[in-house]
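Descriptive structure summary
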Amino acid sequence: MTGSGYDPIALAAATEKVVVDGSRRKYVQLGRPLRFYGGSTSATEVGCNLRCRFCFSDKPVWKPKKTGRFYSPQEVFEGLARSARKYGHKIISASASEGTIGREHLLELLDLVEKSEFVYVLETNGMILGNDPGYVMALSKYNRLHVRVSIKGDSPEQYHKLTGADKSSYELPFAALNSLITATVSCNACLMASFSDNEGIQRVRKRLYEIHPGILKSLEIEKITLFPKVFQRLNKSNLRPLRVRKVSR
């Protein structure tokens, strides 16, 4: 990749050396109830390959060396299953970092999910999957998997401003979605649109339509929540969101 900004693929490789040990990966916790997807249980992963200035996550992204501890796929599955059964959830996931870091760990975890009553939602920024169609093919054998690809902004320029990453890597989540759809992996797109006007949102909708018209039916338009640390980070970068999500009291 060329231009200014870091390379998310190189950062993923460097992060993996910190948060992955064989088939084990770092987590902060292994199961808490969330309201998403009509009620789900999520673990908190450690380690991401983007540095989004609007990200709600703190230490799992910014201080991976000092955060969490290593768990095996079996331990993660058991933690998620225990919590999901307690709350009657059928959907499990992991969040707060990048879900595709640690391929061996993820695939072994999905092997366990495949034999269970749960559906696993893979939360990803699409960088690694867009760069590696072979990884997507490895995911295509799972029937109890759904991949949620988050697009960070409505243009390469906005993406660079929000993440600090090289503009050219903005194309990767679109490539990921194309590969996922081609491989018939259940997926949907999510646009982080807090800094986008209607024209910008329509620009992304058009790009997604060109990949596959049906994907627009499940497109999520996401707004950030201005938690104190998020507000401070944005203020420091002189970034002003146009749309925000209010924190429930």
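Structure: above.
Residues numbered from 1 in each chain as written. Predicted model: local features only at pLDDT ≥ 70, side-chain atom pairs only at ≥ 80, totals over all residues. Heavy atoms only, no water.

Mapped onto the elements, Asp154 comes out in the loop between β7 (145-152) and α7 (156-163). In the structure, Asp154 is positioned 42 residues away from Ser196 in sequence and 6.5 Å away in space, judged by C-alpha atoms. With residues near it in sequence (within four places) discarded, Asp154 still touches Tyr170, Leu191, Ser196, Asp197, Gly200, Arg203 and Val204. A distance of 2.9 Å separates the side chain of Asp154 from the side chain of Arg203, its partner in a polar contact. (Helix = DSSP H or I, 4+ residues; strand = E, 2+ residues; numbered from the N terminus. Contact = heavy atoms within 4.5 Å. Polar contact = N/O pair within 3.5 Å; in protein donor to acceptor, adjacent residues only side chain to side chain.)

Between helix α3 (residues 73-87) and helix α4 (residues 103-114), the shortest axis-to-axis distance is 9 Å and the interhelical angle comes to 45°. The pairing of α3 with α4 is recorded here as oblique in orientation. Between α3 and α4 the crossing geometry is right-handed. Counting all contacts with α3, which are made through Pro73, Gln74, Val76 and Phe77, the residues of α4 involved are His105, Glu108, Leu109, Leu112 and Val113. Its residues assigned to classes, the contact of α3 with α4 comprises six nonpolar, two polar and one charged. (Axes fitted to C-alpha atoms, helices over the stretch in contact; angles between N-to-C directions. Parallel < 35°, antiparallel > 145°, perpendicular 65-115°, else oblique. Left-handed = near helix turned anticlockwise from the far one by under 90°. Nonpolar A, V, L, I, M, F, W, Y, C, P; charged D, E, K, R; others polar.)

We now examine the packing of helix α8 (residues 172-182) against helix α9 (residues 198-211). Across the interface, α8 lies against α9 with an axial gap of 10 Å and an inter-helix angle of 30°. On the basis of their axis angle, the class for α8 and α9 is roughly parallel. For α8 against α9, the interelement crossing comes out right-handed. Residues Phe174, Leu177, Asn178 and Ile181 of α8 form the contact with α9, whose participating residues are Val204, Arg207, Leu208 and Ile211. The class makeup of the residues in the contact of α8 with α9 is six nonpolar, one polar and one charged.

Within α8, burial applies to Leu172, Pro173, Phe174, Ala176, Leu177, Ser179 and Leu180. Buried residues along α8 sit against α1 (8-19), α5 (127-131), α6 (133-139), β7, β8 (187-192) and α9. Within two residues after α8, Thr184 carries a phi angle of roughly 55°, on the positive side. (Buried < 20%, exposed > 50% of the residue type's maximum accessible area, 1.4 Å probe, protein only.)

What follows concerns the side chain of Ser57. Tracing the backbone shows Ser57 in the loop between β3 (40-45) and α2 (59-62). Within the structure, the side chain of Ser57 is placed 2.8 Å from the backbone oxygen of Ala96, a separation counted as a polar contact. Apart from residues lying up to four places away in sequence, Ser57 is in contact with Trp62, Ala96 and Arg233.

Looking now at the pattern of salt bridges. Across all of its chains, the model carries 12 salt bridges by this definition. A salt bridge links Glu171 to Arg207; the nearest nitrogen and oxygen atoms lie 2.8 Å apart. Pair noted here: Glu171 is in the loop between α7 and α8 and Arg207 is in helix α9, with a separation of 36 residues, a long-range link. Residue class for Glu171 comes out partly exposed when judged on its relative accessible area of 36%. Of the charged contacts, one joins Glu210 and Lys206 as a salt bridge, the two residues approaching to 2.7 Å between their closest N and O atoms. Residue Glu210 and its partner Lys206 are both found in helix α9; the two are separated by four residues, about one turn of the helix. For Lys206, a relative accessible area of 52% gives the class exposed. (Salt bridge = Lys/Arg side-chain N within 4 Å of Asp/Glu carboxyl O.)

Take it as geometry only, folks, not as evidence of what the structure does.
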